[in-house]
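Working through the structure, step by step
Residues per chain are reported as follows:
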Amino acid sequence: MQKILILDFGGQYDQLIARRVRELRVYCEVHPHDMPIEAIRAFDPLGIIFTGGPGSVYLPDSPKPDPAVFSLGVPVLGICYGCQLMAQMLGGEVTAAQDASAREYGRTVTRFDPTCPLFRGIGEKSVTWMSHGDYLSKVPAGFYPAARSAACPTAAICDGERRFYGVQFHPEVDHTERGREILHNFLYRICGARSEWTMADFRTRTVKALREEIGDGRALLALSGGVDSSVAAALLSESIGERLTCVFVDHGLMRKGEADEVEAVFSKRRLNFIRVDAKERFLTRLAGVSDPETKRKIIGEEFVRVFEEEARRIGGADFLVQGTIYPDVIESGKGEAAVIKSHHNVGGLPEHTDFRGIVEPLRLLFKDEVRQLGRELSLPEALVSRQPFPGPGLAIRVIGEVTEEKLAILREADAIFREEIGRAGPEVKPSQYFAALTNVRSVGVMGDGRSYDYAIALRSVKTGDFMTAEFSRLPWELLDRVSVRIVNEVRGVNRVFYDITSKPPATVEYE
Ligand code: XMP
């Protein structure tokens, strides 16, 4: 299969470049900028993209690739720092902008040379997204300037002979109006890509590879009902059928109807599905505990214990399947982040294992691709398009002590909120939305009587990466409907709050 190599210079949009390339149906991988040249040759790239980065190319420690990368006869596209780097390594000059007028941050009107293959068919002028303090003061031999903005006469450079291209702006971000077409031109006109990367092909290839890898061994998968583990389960099930065992630990902290939905989907498949009803166990251990971190720790430990017990009960397995996805893999290459992510990703599975190997069939896919693959594998849409749901479940949405009574109230209120959001038009599309049960009880009046009941908090946020998030500006009518329904339909609730805090300073979840 044709592959694009993305060399990572530490830019903030690196993953986005990879996603765009994949969306354009060309397979790509992100590797560190100092990937050895032999490894690059072995990778056999159809084209190479240098990402942006925070550095300045003229500083002594600035990250650089092996210069032999320019002798491979392979097209190169440098983006922002990557553009400056290529220019400098090939004899051009990069200078720090002395006055503010030469720096560009944000939306910038840019004029393109339509004869440059990178800009064919995109019109002569449109908005691009710039973010640079350095600029290309001398274009290297063999190149010509192929785009300009008011502040920058070298917003893009082009060497059609060697097929080297550089853009000072970021074609991968949405703010660059014709960015997708520019990347499309690089991939299809310049590199000669064929449209090969589809989830149907991925499915066929991966099933074959999994059969070879696992042979006649047996695999065990911890199924949470989330998108990643569900898609991994469906893929493995297609590959090795009954030699896969999925253990679904129902900790009693799932949303309304959720555990049954997971069971309904997976018990129909040709795999060994085990639903462990561990509700009692979890609630007993959580009784009387109200500290958030203690709650999380108890749930994590208990989960591992149940999973290990079940693994022993079925006589073990050769392989453990994990739903690791590509952003985790990329992050893992970046040192510090690795610890946090892998911990998060493993989701409390035992660290020591007797397994012969770990199988991570989704490790090259982005979340959107995992969802597409799920559709390809005929998983129901409700499962495939699920919003994130935390491992500790409703326990971190019941503030304070978790009891069965509180869980029951929360489940009903949350189902109403989710139902109403689901019914709202396409303009209401939060990234995550749910109800939480506050630990607050207050006085109300219902009918002619006094009530002293709980307050429900509604949370709805818009975010791309969940590291930061903005509360959603939900329509008043929608909030009104949800509030009336919750108070009328859920016993034990007499007040509804809407959370208008963003992250930071709040977090998405309450605990
Ligand atoms: P916070 O509350 O940290 O949440 O702003 C950010 C995102 O992470 C999810 N989340 C978790 N997911 N296990 C998970 O698998 C967890 O322990 C966990 N805690 C928070 C949260 O739902 C949001 O999408």
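Bear in mind that the values here come from a model prediction, so they are computed numbers and not experimental data.

1. A closer look at the overall build of the chain
The number of helices and strands found in the chain is 15 helices and 20 strands. Along the three orthogonal principal directions, the C-alpha set of the chain runs to about 80 × 60 × 40 Å. Expressed as a percentage of its 511 residues, the buried residues of the chain come to 53%. Pairs at least 24 residues apart make up 75% of the contacts formed inside the chain by residues separated by at least 6 positions. When the accessible surface of the chain is totalled, it reaches about 23,100 Å², and 50% of it is carbon and sulfur. Computed over 65 positive and 72 negative side-chain charges, the inter-centroid distance for the chain is 3 Å.

2. Thoughts on the pattern of salt bridges
This model, assessed by the stated rule, comprises 41 salt bridges. Between Lys295 and Glu511 there is a salt bridge, with the nearest N and O atoms lying 2.6 Å from each other. You can see Lys295 sitting in helix H9 (residues 292-313) and its partner Glu511 sitting in the segment after strand S20 (493-498), a full 216 residues away along the chain. Each member of the pair, Lys295 as well as Glu511, carries the same accessibility label: buried. What you see here is one network of salt bridges that share partners, running through Arg281, Arg285, Glu301, Glu302, Arg305 and Glu309.

3. A few points about the site of the ligand
Around the ligand, twelve residues are found, and the nearest of them are Arg296, Gln432, Lys503, Val508 and Glu509. In the environment of the ligand, a nitrogen atom lies 3.2 Å from a nitrogen or oxygen atom belonging to the backbone of Gly391. With respect to the ligand, the side chain of Gln432 contributes an N or O atom lying 2.7 Å from an oxygen atom. Split by residue class, the shell around the ligand holds five nonpolar, four polar and three charged.

4. Looking at the packing of helix H8 (residues 279-286) against H9
The N-to-C vectors of H8 and H9 enclose an angle of 150°; their axes lie 10 Å apart at closest approach. As judged from the angle between their axes, H8 and H9 are roughly antiparallel. Two packed elements cross with a definite hand, and for H8 against H9 that hand is right-handed. The segment H8 lies against H9, with Arg281, Phe282, Arg285 and Leu286 engaging Lys295, Ile298, Ile299, Glu301, Glu302, Phe303, Arg305, Val306 and Glu309.

5. Brief notes about the domain arrangement of the chain
It is common to give the size of an interface as the accessible area lost on bringing the parts into contact. Along its sequence, the chain is organised into domain 1 (3-190), domain 2 (199-384) and domain 3 (397-498). Across the contact, nine residues belong to domain 1 and ten residues belong to domain 2. Summing both partners gives a buried area of about 860 Å² for domain 1 against domain 2, and 49% of it is carried by carbon and sulfur. Of all residues in domain 1, Gln15, Arg19 and Arg22 bury the most surface against domain 2, accounting for 60% of the area lost on that side. The tally of links between domain 1 and domain 2 comes to two salt bridges. Across the domain 1-domain 2 interface, the total number found is four residue pairs in polar contact (both at pLDDT 80 or more). It is helix H1 (residues 14-23) that contributes the most residues to the side of domain 1 that touches domain 2, five residues altogether. Taken together, the residues that form the side of domain 1 that touches domain 2 break down as three nonpolar, one polar and five charged.

6. Here's the deal with the sheet that holds strand S11 (residues 164-167)
Taking strand neighbours across the sheet as the criterion, the nine strands line up as S2-S1-S3-S4-S11-S10-S9-S6-S7 in an open arrangement whose pairing is mixed. Each having just a single partner strand, strand S2 (27-32) and strand S7 (125-132) make up the two edges of the open sheet. With direction set aside, neighbouring strand axes in the sheet form an average angle of 25°. Bridging between strand S3 (residues 47-50) and strand S4 (residues 76-79) involves three bridges; their strand directions are parallel. Looking across to S4, one finds that Ile49 is bridged to Leu77.

7. Observations concerning the sheet that holds strand S14 (residues 272-277)
Read from one edge of the open sheet, five strands run S14-S13-S12-S15-S16, paired in parallel fashion. At either end of the open sheet lies a strand with only one pairing partner, and these are S14 and strand S16 (357-359). Averaged over all pairs of adjacent strands, the angle between strand axes in this sheet comes to 25°, irrespective of strand direction. In this fold H9 packs onto strand S12 (219-222), strand S13 (244-250), S14 and strand S15 (319-321), with an angle of close to 155° to the strand it touches most, S12.

The rules behind the values
- Residues numbered from 1 in each chain as written.
- Predicted model: local features only at pLDDT ≥ 70, side-chain atom pairs only at ≥ 80, totals over all residues.
- Heavy atoms only, no water.
- Helix = DSSP H or I, 4+ residues; strand = E, 2+ residues; numbered from the N terminus.
- Buried < 20%, exposed > 50% of the residue type's maximum accessible area, 1.4 Å probe, protein only.
- Contact = heavy atoms within 4.5 Å.
- Areas by Shrake-Rupley, 256 points an atom, 1.4 Å probe, with all protein chains shown as cover.
- Lys, Arg positive; Asp, Glu negative; His and termini not counted.
- Charge placed at Lys NZ, Arg CZ, Asp CG, Glu CD.
- Salt bridge = Lys/Arg side-chain N within 4 Å of Asp/Glu carboxyl O.
- Near = heavy atom within 4 Å.
- Polar contact = N/O pair within 3.5 Å; in protein donor to acceptor, adjacent residues only side chain to side chain.
- Nonpolar A, V, L, I, M, F, W, Y, C, P; charged D, E, K, R; others polar.
- Axes fitted to C-alpha atoms, helices over the stretch in contact; angles between N-to-C directions.
- Parallel < 35°, antiparallel > 145°, perpendicular 65-115°, else oblique.
- Left-handed = near helix turned anticlockwise from the far one by under 90°.
- Domains from an automatic or database assignment.
- Buried area = accessible area lost by both parts, 1.4 Å probe.
- Pairing = 2+ DSSP bridges.

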